[in-house]
Each structure stands twice: as structure tokens, then as C-alpha cells.
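Take a look at the letters that make up each chain.
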Amino acid sequence: MTSFQPADLKLLGDLIQERFGLTFEGVRQDILGSRLRPRLRELRLDSPRAYYEYLRFHPRGDAEFDRLPALITNNETYFFRETRQFEILIEHVLPERRPAAPSRPLRLLSAGCSSGEEPYSLAIALHDAGLPPAARSWEIDACDLNPERIARAREALYDETSLRACDPESRRRYFSVEGGRFRLKDRYRVGVRFFQSNLLAPGFALDRPYDVILCRNLLIYFGDAAFDRLIGLFASALVPGGYLFLGHSESLFDRDTELLPVVVGGSVVYRKTAKP
Amino acid sequence: MTSLLTAPAHRLAALEAAARVPGGEQHILAALEDTAPSVRERAIRLAARYVEPAVLGELVADGENAVRRNAGLSALERQGPYAVPHLVAVLDRDDPELLLFALQSLSRIGFGSAGLAILPLLSHPDPNVAQAAIEAVGKLRVREAVPALCGLLQRDLWIQLAAIAALGEIGHPAAVAPLMAFVPDSVLAEPAVQALRRIAAPESLEPLLPLLLTVRERALRDPLLLAVAVVIELHPDPEGPASGVARDMEANGGDLVVYLGQLLTAVPEDGDAEEAESLLRAAATLVAATGLAELHPVLLARLSADPVARWIEGLLARFPERLAPRLHALLTHADPDVRCGALRVGSFGPGDLPLLVEHLSDPRLAVRTAACLALGRMGLDPVAPLLLERLRRGEPPEQAAAAQGLARLSPEALRELDGCLEPGMAEPVVVEALAVLTRTTVPALEPRVLQLAESPSAAVRLAALRAAARFTAAKAEVVLLRALADRHQPIQTEALELLVRRGGDRAVTMLVAMLGTADSLRFHVIRALGHCRAPSAASRLRSLYPECGPLEQLQIVWSLLRIAPPWLSEFLLLRLVDQDLDMRRAAAQGLSEVACFDHLPVLLAMAEDPDWDIRNSAARGLGRLGGAEARTALLTLARDVESVVAATARAALELPTRDASPSAV
């Protein structure tokens, strides 16, 4: 297997960064190369440079751009991943936010939701905490760059791998079996709204304010500039006093932002400064 | 604190604007302390490009400001070979902190020529400096340091540890004996074994192998096993030393057998997957090399049951004599995984035929499939009817294995394949039978194959085309040419690829004629002509250029680069001043491959181009040309703001020096 030229990978990586904000610098260039190799073989292209030219100039380049995020990002996710943050949300954050918004549902956003495992897990956790959506106490929005994953999220039909952290009791309680796969029961799908979006598209803004944003294990894909833009977007979209939850390996350390780290329930989360 | 008044994006833009104008150095130096990582990172890149090493050295010497010091260090490291003379000069200074930073920078830059300058510091009175020097000669793999490092193995603990690690990194066999002295009874046994693993010298196998029988603590046994396995893998003839210890293992290795058995059956879990995999491979290597009979079934079962353990086949194939005496017993083993594994790795002769045939009726699909493959490996024509029967009636994996096996037989034996290609035969059978014919040419079946190239089924047409490409006759070429107009796009492109592989004037003539049609296939035709390296197509491609869209134009450049007509440089120079950046990039890349000494001014101009990709091509081209002017330009490119350009320039600087003159090029 021949290795790709670093300059060819950078050329393609720059195009991807410009279009989606995703960064593939340093060792991540190799990841980009290995993820795209099968696609290049399918298209009979012999280098990332040829693929770059295909994306830019081929009549089917736009369609190829649409499928690109699914090829290069990891949709590794599963139900009930890192649930400690859900507990913090339910035990500490929502009770604090509730009085600030007595007349409307609390609004939560799952950014980079992949095929829906995170927002649905959150919905289940809220149900189990005695907060069903029928009481209109909360709403979850969930978005992802990839339209195919959004379609799968809406379908709510999952393979075994998505349920790897579910014990038999959870499987029985939350899912029904359909042809060897697992369908999330309807009652846990109510109150969760999916939409496709490129959060880094020029001029993009979230169309309503949120009390809580979860963006876990997504920022690792972004370079500094895109990272700052995304955090700026979240800071604008959060209501004063709203919270941002990041993945365990992500932080806002050393960043200029109005989101300040606070320790809640033993974990670090980020809170937008409240209006004076 | 003005930097805090604007957003990082604005500060970044201001820095970019200020950096390249007179007085820009002060802006860059100030930005090295910016609060935003994105601004600091960019300032480091700009500092590497535009600030001299002596100025950066002052930042490094500033012990009061850690941010500036770290930024200065990073910038020096990015300057690479350009900074090396400055850093080497620092090695003469007395300040231990400066020495430390210089040593760390040199080792990170990785420019081996600095290694000899470090040698005097190996025994520096300041232990921190000595340790940094030891680490640096290790990273730079300075072989001349080996005697001195061996001498340091008797010093205090930290120096010993650093010296052991450095000896491992340098990888010189002279270090084997001094390192073995620490194994197994020393606190330094484990790092010494790690170093021996890195050195992987054949002479370490004999002393290391017997230790596996006596060392029982996992903390040392695991690294010992890993070291032994690496040495076996790289040893030209490991069977001699392995034979001696194999007898001891059979007689007294009960505990070792249990240990290896555990490793061979371990299921990697999330946290330790990488380590478990390394130990599994090491255990398998030891079992294969020593022929430890007790563990052969375990190893073969792992091969069968673990879809990613196919490497075991290659491992056992390296030591065929170890397995051969037990092969029959393994083929009749009660565990089907063991039988399957034995079939996959065994080397069989005509006398084994009855036993193999029995396995064709094994209740397990995997065993039957492996039996098909084993029969195929024998390469005996009499097995053809057996494999043909599996091809017709087997399950899909058996069919594929039978096809693979049939492909090893003679064309005469494969005439019977005709029965699998008859009308009415199931599509998978036909496709697999055609797959056989893509590997072996059977002239008698040519008419049938060409007929199937017209099949209504796209899968059959595709398989038939691939088989047809093996036939040299004109009829086959006509079939391939006709397939260029197939209603199925993948078949069109496959036909094109097959024609390219066949080569020949007729195909080129046909492809050139197809350039006249402006459909979606033309891009592939342009590409195919490049792959054919067809000189007769070059002029036509050049005349087509103005009529094409950007994708085809770019492909014309790439194809002409492969064809290399005499006027290529002239063509590329015209493209280099194109309006479109991507075309300029393609032309620059082309020139980097074909430029001669006359083009040196062009390459020097490319080296200053605002576009990084063009500078990168310049670096490649200048490296090819060599010479003093090229070298000066490469030293600047070696500290380019874009890492990829800097890396290309550094690689170019390490190319053998040439005399660049018109006569030398």
C-alpha cells in the first residue's frame, strides 16, 4: 500500500477545514488518508490531490461533499455514554435553571449528535428522573453535519453496537426488537427534534436560545480558529447562566470566552456569565 | 494588554498583515505572548520563518519568562537545519540551562550532523546536562556515542537509565553484552530488556531465550517475551538457537506453556488491547519458532476463530518443519477450529489427498472452505472435479475458495469449467468461474467468455470483461472497446482500465479517437492515455486543452507528465502563469519533476510564491537540482510557516549533495 504525499493530504485537509471547520493536521492527516483510501479506490483516484480536484471540479463534486463528513468523522457513539454528565444535568443544572424560565420549557441542544444516541439517552434520563416531555418541562434539539446520520437518528433503529452499554433490563425497557435490531420506543422519542446543520457555515446562527448545550467529543476535530468560532456560537446561543458540557478530553482552558469553568457535582462544566 | 481588546481572529489577521513588512519582527515577538493559543501558534510559525536564530536564542535564554522561552524554543525547533549552527554554537556556552535547551532542541530537530558536537557533553559535570546529552545522542542515533554510553552504564541510576534507553535507540549490537549484564537480577533489568528489544540483534537471541524459563514475574517476563519475539522476527536463522531451548521447554517448561497458552487465548479488552495484541504475536512467534507441540492446537484455533489473526499463517509458513510432523494429528483434532487452522497452514502432497478430501464433507463450513484452499495449494490437476463440484454446489465461501484453488491448476484441467459458464447456471457460479479465468488463461473457453461479456447481468459482464482482458486476440480487444459504451458506468471505467493494462497501439488509437466526445467518460480517457504513457496522444491532449473544463485540464497536465513529451516544460511554464491557482499548482508540481538547470530561476521564484503548495513543489524541484543556490533557497524553505513545506525542504537538504551546473544536470 503506497503512502500518500503529505502535501496532497494537506491540500485536501485545507479544503475540508474551509468547508466544514474539521481539522486534520499532524498525525490526524494519516487518519484522513486511511479513512478516504477506500473511497479513492471506489472512484479510481490515485491520490488525495486527485480527490481534491474531483471535489472542486467534478460535476458530482457537490454530492461528494455531502457524503464527505460521514467518511472522515468518527460516528463512534452509543447509548448511555458518559452518563455522569446527565446526572449532573438533572441533579444540579436543571433545578438551578428552572426558576429562571418558569413559563417555558428548558431548551437543550445536543451538538454533533451523530445518529441520535446522545440526545435519546438524555431524553431517557429525563424520563427516568420524572421529567416526561408531556409536562412540557424540556425540549431537546439535536444537530449534526451529516444528513445521513440525522436520517438514521429520526428512524431511531439501532444495531447491537449502539447498545453495548445497555444491560438486558435497559434493552427491554427502552427498546423493542425489530428484525434483529433495536427500535427506541416512541415515548422516548417525543420532545427530541433533529436538524442537519454545519455549525461553522458562514453566517450560521442557532435560531433560538438554549439553557444547556452538550457538545461532547466534537471539538477534537476542530482547529484553533474553528474551535473559537464554535465556542463563540455556543456562547451566543446560551442564555445568561446557561451551561456548556464538553467531552472529558476537551476544555476551554486558555481560551478567550465568556464561558467560565465551574465545578458542578465534581465535574468541570462551563457556565455563561449571567447578566449583572 | 491591547491584545485582549480584540477577538483572536482579528489579532491573527493583524499579525499576518504586520509580520512580513519592515519592523514586523517586533509584532511577531509580541504575539508569542498572546493569550490565545491560535495567535501564539501562528506567531511561532512566523518567528521560525522571519526571526533569526540568535534573536530566538535570546528568548530561550530569558529564564524569567517561561511563555517567551517556550515559544522561542518551539520557533527554533521549527527552523530545523537553519537553527542547527546556532544551537551547536550554544553547546560551547557554560550556562547549564542554555545547554539543556540547546540539547533538547537539537534532538527534536533530529538533524544527525549535530550529533558529534554533543559527544563531549556526555560526561558533563552537571548531571542534568549529561542526561540531556545522552538522550540527544539516542534520539539522533549517534553510533559514535556507543562506547561512551557503555562506559556510563556504571554511573548513578539516572545516568544509567538514560544511557540504557539511548543504547536501545541507537541500536548497535556492541551494546548487547553490556546490557545483558543487567538481566535478570538488577533493578535495571526491565529497561535493559526494552533496549535489547529495540536493538534486536541476532546475537541476543541465545542469551535471552533461556531466561524465559527462569523469569516468572510478569513485569519482566512480558518485556522479555516481546524482546525475544522481535529478535526471532529479524533473525536470519532463528531455528538453531530456538531448537536448543525447545527441548528444555518440552521438558521443564510447564509454567511457560501455561503463560504462553494464556496469551494465545486472551481476548483483548478496551484498555489493554494494544498490549494484549503485542503479547499474542510474541507468544505465537515463540511457539512457531520453537515448535512447541502442546500449543500448536491453541495457535491454530486462534487462527481460525480470530478474523484478524491471519498473520499466523505467515508466521507458521516461516517455520514449516516445526509443524509438519504433527500435521496429520492436527487434521483429525476434535476441535473444528484446529482442523480448519491446520488446513489453512499445512503444506500437503499427493499422499495427503484422501485426508483432505474427507474434509470436503466436514460439517463445519469453515473447514470445508479451508479444505478447498488446501486442495488448490496442492496444484494437482486431478483435484479439479472436486473443486468444480464445490464451485457449483458449495456455499458462497466454498465457491470463492474453490475458485481460488482452481486458478492454480493447468489450463487443460480448467476446460471443465465450461460447465459452470453454461446458460442457466446460477449467477454466483458464473461470476466465480469467470474469476478463475481472470487468473489463468484457458484458450478453449475464449468464445464462451466473450459471449458472456454481452450478458444482461452487469455482474457477469464485468467478470467476463476481466477474464476477456487476458486473451490477446483482436476479438477480445473489440469486446473491451465496445464495453467503453456500456450502459453501466463502472463497466465503462473498468473496460478503460483493462485496456490501459493491455496497452497496445490499437487501444491508444481508439482512446485518442474518443477524445472527440465531450461526455463524462472523456475524463477517464484522458487519464487512461496518461497511464498508457502513449506519446502518440500527447499532441492531441495539448490541442484539446483549451476546449476542456478545469477538471479535464488538470487531468491533461497529469497525463502529459506521465507521457513526458519533449515540449512538456514549455507547456508547464505556460500553465504556471495561469489565472487559476489549482492549475498553477499542477504546473509547479510538474516542473518540480522535470525542471533542469535552465529552470533554476523559475524554481527560485516558485520558492517565494505566496501559495504553500507551489513553495512545496519548489522545495522538491530544488532538492532534485542541488547546488549552492538551491541549497540557500532550501534553507529558507526549511523554516517555512507551513510544516509540510519545511519538511519537504529538510528532506531535500538531506539528499546527497550534487554539483548543480549545466553540465552536471
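About the thresholds
Residues numbered from 1 in each chain as written. Chains lettered and ligands numbered in written order. Predicted model: local features only at pLDDT ≥ 70, side-chain atom pairs only at ≥ 80, totals over all residues. Heavy atoms only, no water. Helix = DSSP H or I, 4+ residues; strand = E, 2+ residues; numbered from the N terminus. Rg over C-alpha atoms; globule rule 2.2 N^0.38 Å. Buried < 20%, exposed > 50% of the residue type's maximum accessible area, 1.4 Å probe, protein only. Contact = heavy atoms within 4.5 Å. Areas by Shrake-Rupley, 256 points an atom, 1.4 Å probe, with all protein chains shown as cover. Pairing = 2+ DSSP bridges. Expected span 1.5 Å × (residues − 1). Buried area = accessible area lost by both parts, 1.4 Å probe. Polar contact = N/O pair within 3.5 Å; in protein donor to acceptor, adjacent residues only side chain to side chain. Nonpolar A, V, L, I, M, F, W, Y, C, P; charged D, E, K, R; others polar. Axes fitted to C-alpha atoms, helices over the stretch in contact; angles between N-to-C directions.

A.B. asks: Before we go on, may I ask you to explain the overall build of chain A in this structure?
C.D. replies: Within chain A one finds 9 helices and 10 strands. Computed over the C-alpha atoms, the radius of gyration of chain A is 20 Å, within 12% of the 19 Å expected from 2.2 N^0.38 for a compact globule of 276 residues. With the C-alpha coordinates aligned to their principal axes, the bounding extent of chain A is approximately 60 × 55 × 30 Å. A burial count over chain A gives 55% of its 276 residues as buried. For chain A, long-range pairs separated by at least 24 residues make up 73% of all intrachain contacts whose partners lie at least 6 apart in sequence. As displayed, chain A offers around 12400 Å² of accessible surface, 51% of which is attributable to carbon and sulfur atoms.

A.B. asks: Sorry, what's going on with the environment of B:Ala374 here?
C.D. replies: Residues and elements named next belong to chain B. Topologically, Ala374 is positioned in helix α26 (residues 365-378). Owing to a relative accessible area of 0%, Ala374 belongs among the buried residues under this scheme. Setting aside chain neighbours within four positions, we find Ala374 in contact with Leu343, Phe348 and Leu356.

A.B. asks: Looking at this model, I keep getting lost on the sheet that holds strand β5 (residues 181-184) of chain A. Mind explaining?
C.D. replies: The pairing of strands in a sheet comes from backbone hydrogen bonds and takes either a parallel or an antiparallel form. All names here are of chain A. Judged by pairing direction, the sheet is antiparallel, and its 3 strands sit side by side in the order β3-β5-β4 without closing on themselves. Each edge of the sheet is formed by a strand with only one pairing partner; in this case those strands are β3 (157-158) and β4 (175-178). Summarising the sheet, β3 and β5 pair through 2 bridges and their orientation is antiparallel. Paired with Leu157 across the strands is Arg183, a residue of β5.

A.B. asks: Is there a simple way to explain unusual backbone geometry in this structure?
C.D. replies: A cis amide bond links B:Val183 to the next residue, B:Pro184, at an omega of 5°. Examined against the element boundaries, B:Pro184 turns out to sit in the loop between α12 (176-180) and α13 (189-199). Within the chain, A:Phe80 stands out as a residue other than glycine whose phi angle is a positive 60°. Take A:Phe80: it is sitting in the loop between α4 (61-72) and α5 (84-97).

A.B. asks: Would you mind going over helix α6 (residues 117-128) of chain A with me for this structure?
C.D. replies: Residues spaced three or four apart along an α-helix point in a common direction, a consequence of the helix completing one turn every 3.6 residues. Residues and elements named next belong to chain A. An ideal rise of 1.5 Å per residue puts 16 Å on 12 residues; α6 measures up with 16 Å between its terminal C-alpha atoms. Most of α6 is tucked away: 11 of the 12 residues are buried. Among all positions of α6, only Glu117, Glu118, Pro119, Tyr120, Ser121, Leu122, Ala123, Ile124, Ala125, Leu126 and His127 are buried. Backbone geometry just after α6 places Gly130 at a positive phi near 80°.

A.B. asks: I would appreciate a short explanation of the side chain of B:Thr648 in the present structure.
C.D. replies: Residues and elements named next belong to chain B. Here Thr648 shows up in helix α43 (residues 643-653). For Thr648, a relative accessible area of 17% gives the class buried. Setting aside chain neighbours within four positions, we find Thr648 in contact with Asn616, Ala619 and Arg620.

A.B. asks: Whenever I open this one, the interface of chain A and chain B confuses me. Can you help?
C.D. replies: When the parts of a complex come together, some accessible area is lost, and that lost area is often used as the size of the interface. Taken residue by residue, the interface counts 19 residues in chain A and 25 residues in chain B. When chain A packs against chain B, close to 2200 Å² is buried across both sides, 51% of that on carbon and sulfur atoms. On inspection of chain A and its partner chain B, the count reaches 10 residue pairs in polar contact (both at pLDDT 80 or more). A per-element tally of the side of chain A that touches chain B places helix α3 (residues 48-57) of chain A first, with 6 residues. Residues belonging to the side of chain A that touches chain B are distributed by class as follows: 6 nonpolar, 1 polar and 12 charged.

A.B. asks: How should the pairing of strand β7 (residues 210-215) of chain A be read in this particular structure?
C.D. replies: Residue and element names in this part refer to chain A. Burial of β7 is extensive: 6 of the 6 residues sit out of reach of the surface. Where strand β1 (residues 106-111) meets β7, 3 bridges bridge the pair, whose relative direction is parallel. Looking at the pairing, Ser110 lines up with Leu214 of β7. Strand direction decides the pairing type here: β7 and strand β8 (residues 238-246), joined by 5 bridges, are parallel.

A.B. asks: How should the sheet that holds strand β10 (residues 267-272) of chain A be read in this particular structure?
C.D. replies: All names here are of chain A. One open sheet accounts for 7 strands, arranged β6-β2-β1-β7-β8-β10-β9; its pairing is mixed. With one partner strand each, in any of the chains shown, β6 (192-196) and β9 (259-264) form the two edges of the open sheet. For this sheet the average axis-to-axis angle between neighbouring strands, irrespective of direction, equals 25°. Its contacts with the sheet place α6 against β1, β2 (138-144), β6 and β7, and it is angled at close to 165° to β2. In the packing of helix α7 (residues 147-155) onto the sheet, contacts are made with β2 and β6, and the angle to β6 comes to roughly 160°.

Note that all results are geometric; they support no functional claim without further evidence.
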